[in-house]
Amino acid sequence: MIATPMARRDPQTLDQLLPRVLARLAEQSGKGQALVPVWNATVGPHISKHTRPHTLEGGTLVITVASAEWAHTLSRQQNSLLEQLNTRLGAGAVSALVFQLE
């Protein structure tokens, strides 16, 4: 057996690693609360006042929303939100968003 050198990765900052760790915790536990900091950073303070991650299972992130209007507004932004979340969490971490009333 021939030993091959391990591929080295560039060092990553805590800001780069933490969202991925939180996504893994949320997926393993099924509880999306671990993703609150990532969600808030993704959507900003105005939207985060009216929404919060609830569960993450099988790549589907369920977001609780304060009203049907928020659900409608965010569902129209779903593709953009998925792209932004996966940029923070790692490709394919979230494959779908579901919005449900509190």
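Structure first, text after, so check above.
Along every chain, residues carry numbers that run from 1 in the direction the sequence is written. In keeping with the model being predicted, local features are shown solely for residues with a pLDDT of at least 70 and side-chain atom pairs are shown and tallied solely at 80 or more, while totals for entire chains, interfaces and linings include all residues. Side-chain measures were taken over the full set of non-hydrogen atoms in the model, leaving aside hydrogen atoms and water.

A. Summary view of the side chain of Thr64. To qualify as a helix, a DSSP run of H or I must reach at least 4 residues; to qualify as a strand, a run of E must reach at least 2; elements of each kind are numbered from the N terminus. Summarising the element assignment, Thr64 is placed in strand S2 (residues 60-65). Aside from chain neighbours lying at most four places away, what touches Thr64 is His50, Thr51, Arg52, His54, Gln100 and Glu102. In what follows, residue pairs with any heavy atoms lying within 4.5 Å of each other are defined as contacts.

B. Here's a closer look at the pairing of S2. Using a 1.4 Å probe on the protein chains alone, a residue whose accessible area is under 20% of its type maximum counts as buried, one over 50% counts as exposed, and one in between counts as partly exposed. Within S2, five of the six residues are buried, which leaves the element mostly enclosed by the surrounding structure. By the bridge criterion, six bridges tie strand S1 (residues 51-57) to S2 in an arrangement that is antiparallel. Residue pairing for S2: Thr51 is matched across the bridge by Val65. Each pair of strands is called paired provided DSSP finds at least two bridges between the two strands. Hairpin remark: S1 followed by S2, antiparallel, with two residues in the connecting loop; positive phi at Gly58, about 60 degrees. Inspection of the sheet shows S2 paired to strand S3 (residues 96-101) by six bridges, in the parallel sense. For Val65, the partnering residue across the bridge sits in S3 and is Leu101.

C. Focus on the sheet that holds S2. If you walk across this open sheet you meet the three strands as S1-S2-S3, and the pairing is mixed. In the strand order of this sheet, the two ends are held by S1 and S3, each with one partner. Neighbour to neighbour, the strand axes of the sheet diverge by 25 degrees on average, direction disregarded. Its contacts with the sheet put helix H2 (residues 36-48) on S1, S2 and S3, and the angle it makes with S1 is roughly 150 degrees. Strands in contact with helix H4 (residues 78-89) are S2 and S3; relative to S3, the strand with the most contacts, it is inclined by about 115 degrees. A fitted line through C-alpha atoms represents every axis, and for helices the fit uses only the stretch in contact; the resulting angles, taken between N-to-C directions, go from 0 to 180 degrees.

D. A look at the pattern of salt bridges. In what follows, salt bridge is the name for a side-chain nitrogen of Lys or Arg lying within 4 Å of a carboxyl oxygen of Asp or Glu. The tally for this structure, following the rule as stated, stands at one salt bridge. Residue Arg52 pairs with Glu102 through a salt bridge whose shortest N-O separation is 2.7 Å. On the criterion of sequence distance, the pair formed by Arg52 in strand S1 and Glu102 in the segment after S3 is long-range, its members being 50 residues apart.

E. Structural view of H4. The span you would expect from a helix comes to 1.5 Å times its residue count less one. When the terminal C-alpha atoms of H4 are compared, their 16 Å separation across twelve residues agrees well with the 16 Å that a helix rising 1.5 Å per residue should span. Immediately downstream of H4, the backbone of Gly90 shows phi near 110 degrees, a positive value.

F. Quick look at the side chain of Asn86. Along the chain, the position of Asn86 falls in helix H4. By relative accessible area, which is 16% here, Asn86 ends up buried. Residues contacting Asn86, with those up to four places away along its chain left out, are Ala91, Gly92, Ala93 and Val94.

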